[in-house]
Amino acid sequence: MFVPEPVTVRVPAKVNVYLGVGPRESNGYHGLATVFQSISVYDEVSVTASDEFTIVGEGKWAERIPTDATNLAWKAAHMVAKAYELPANVCVTINKSIPVAAGLAGGSADGAATLVACNAYWGGALPHEALVEMAVELGSDVPFMLSGGCALGVNRGDILSPVMTRGIFHWVLATFNEGLGTPEIYARLDEMRPASFDEAPSVPTELLAALAQGNAEALGQHVFNDLQAPAIASRPVLGRILEFGESPATLGGLVSGSGPTVAFLVESESAAIDFSIALLGSGLVDGAIHAHGPVHGARVIPS
Ligand code: C5P
């Protein structure tokens, strides 16, 4: 019997450099106007032959990777297998570096990487559009994780337009061992707003201009996240970390997605290393990671 060769896909984390959230809609989701940027913190997802479907977790966060159907990688592999009319007889190994439940779309990244890896494993017959359709079904952030780079996301964040950027932006991520739940943070935002709230979000042109110019200083002045206030309400230390970052050492900071990761924009790689050390010394965080963006999305790499 023909057994396909193993496939490995590398997939980055994301930060939302802007996240404007509208009112809750009748489908339970909130209309968004967001700008995603992929950053250089990567999971690697490998697909190999197996007698039955399994997920194996490896790497720093291995013990926190679900190995059942709650993992988007599980759903993704079964969707692709169904399209090929094949049994999902594969082992999906997730080597995790992206912190879990952190607002960095790590679970969505693994879902997107599994779509790409399984498609390549079974012959690469599905067009990109078919993977995008599956990604939309998997979750709001999954379509962006396929493309990566920098993109404007509207609707649930799943309708994307590429955004022009120049140069490299340097980030320091303040990370925590304990995650925050996305639905809870959206619900908390709704509680904090008047019932009559009906403003549609939009991304300021100044922010798009800063990205197009590669102007990190201007970008730092316009980064924004509507989920920041409810994330701080749930985890007050985030407010203290943002205050700690209000120094000449950073150009701006914000909670990433639904948190708890706080992302700080800095001027250079050496500034990122210096600020990471200062953050760790503050005693306010569990970890500090420096990364740059934009980088490309889920891609097959040599196994
Ligand atoms: O799409 P995804 O499964 O990632 O969304 C997780 C949860 O986050 C949703 O069930 C919803 O509570 C919340 N959400 C939202 N509006 C969005 C995206 C997510 O309310 N645009």
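Everything numeric here is computed off the predicted structure, so don't read it as measured data.

A look at the packing of helix α9 (residues 237–245) against helix α10 (residues 269–282)
- The interhelical angle for the contact between α9 and α10, taken along N-to-C directions, is 140°, at an axis separation of 11 Å. Put simply, α9 runs oblique to α10. When the axes of α9 and α10 are compared, the crossing they make is right-handed. From α9, I241, F244 and G245 reach across to α10, where they touch F275, A278, L279 and S282.
- Considering only residue class, the contact of α9 with α10 consists of five nonpolar, two polar and no charged.

Examining the domain arrangement of the chain
- Along its sequence, the chain is organised into domain 1 (7–163) and domain 2 (169–293).
- Each of domain 1 and domain 2 has a C-alpha centre, and these two points are 22 Å apart.
- The partner domain 2 presents 41 residues to the 33 residues of domain 1 that form the contact.
- Carbon and sulfur atoms make up 63% of the area that domain 1 and domain 2 hide from each other, which totals about 2700 Å².
- On the surface where domain 1 and domain 2 come into contact, there are one salt bridge.
- Among the salt bridges present, the one from D190 reaches R24, with a minimum N-O distance of 2.8 Å.
- If you look at where domain 1 meets domain 2, you find 16 residue pairs in polar contact (both at pLDDT 80 or more).

A look at the nonpolar core
- Core analysis: the biggest nonpolar cluster contains 72 residues, and V92, W171 and L211 have the highest contact counts within it.
- Viewed by domain, this core spans two of them, domain 1 (7–163) and domain 2 (169–293), each represented by three or more residues.
- Leave out the neighbours within four places in its chain, and L211 touches V17, V35, Q37, C150, V163, M164, T165, R166, F169 and L219.
- Membership of the second largest hydrophobic core comes to 25 residues, among which are L227, L242, V255 and F275.

Looking at the packing of aromatic side chains
- Applying the stated criterion across every chain yields a total of seven aromatic pairs.
- Geometrically, the ring pair formed by Y18 and F224 is tilted, given 5.5 Å between the ring centres and 40° between the ring planes. A residue pair is termed long-range when its members are at least 10 positions apart, and Y18 in strand β1 (residues 7–24) and F224 in strand β8 (residues 224–225) qualify at 206 residues.
- Seen from their ring centres, Y84 and W122 are 6.0 Å apart, and the 45° between their planes marks the pair as tilted. Here Y84 is found in helix α1 (residues 72–84), whereas its partner W122 is found in the loop between α2 (106–121) and α3 (128–138), with 38 residues between them in sequence. The pair Y84 / W122 is uniform in exposure class, with both members buried.
- In this structure, R10 packs its charged tip against the face of Y42, placed 3.8 Å from the ring centre.

So, how was this worked out
- The residue count restarts for each chain, going from 1 along the sequence in the order it is written.
- In keeping with the model being predicted, local features are shown solely for residues with a pLDDT of at least 70 and side-chain atom pairs are shown and tallied solely at 80 or more, while totals for entire chains, interfaces and linings include all residues.
- Only heavy atoms go into the side-chain values, all of them from the structure, while hydrogens and water stay out.
- For every element, the axis is a line fit to its C-alpha atoms; helices are fit only across the contacting stretch, and the angle between N-to-C directions ranges from 0 to 180 degrees.
- A run of H or I in DSSP becomes a helix once it reaches four residues, and a run of E becomes a strand once it reaches two; helices and strands are each numbered from the N terminus.
- With respect to orientation, any angle under 35 degrees is reported as roughly parallel, any angle over 145 as roughly antiparallel, any angle of 65 to 115 as roughly perpendicular, and every other angle as oblique.
- Take the far helix as the reference: if the near one is turned anticlockwise from it by less than a right angle, the crossing is left-handed, and if turned clockwise, right-handed.
- Any two residues whose heavy atoms approach within 4.5 Å are treated as being in contact.
- As a working rule, the residues Ala, Val, Leu, Ile, Met, Phe, Trp, Tyr, Cys and Pro are called nonpolar, Asp, Glu, Lys and Arg charged, and the rest polar, with Gly in that last group.
- The split of the chain into domains comes from an automatic or database domain assignment.
- Once two parts are brought into contact, the accessible area they lose, counted with a 1.4 Å probe and summed over both, makes up the buried area.
- Within this document, salt bridges are pairs made up of a side-chain nitrogen of Lys or Arg and a carboxyl oxygen of Asp or Glu, the two lying within 4 Å of each other.
- Pairs of N or O atoms are called polar contacts if they sit within 3.5 Å, as long as, within protein, a hydrogen donor faces a hydrogen acceptor (for residues adjacent in sequence, only side-chain-to-side-chain pairs).
- Put simply, buried Ala, Val, Leu, Ile, Met, Phe, Trp, Tyr and Cys residues joined by side-chain atoms within 4.5 Å make one nonpolar core.
- For every residue, the accessible area obtained with a 1.4 Å probe (protein chains only) is divided by the maximum for its type, and the residue is called buried under 20%, exposed over 50%, and partly exposed between those limits.
- Only centres within 6.5 Å qualify two rings of Phe, Tyr or Trp (six-membered ring in Trp) as a pair; their planes then separate them into stacked at under 30 degrees, edge-to-face at over 60, and tilted for everything else.
- Here, over-ring charges are defined by two tests on the NZ atom of lysine or the CZ atom of arginine: distance to the ring centre within 6 Å, and angle to the ring normal within 35 degrees.

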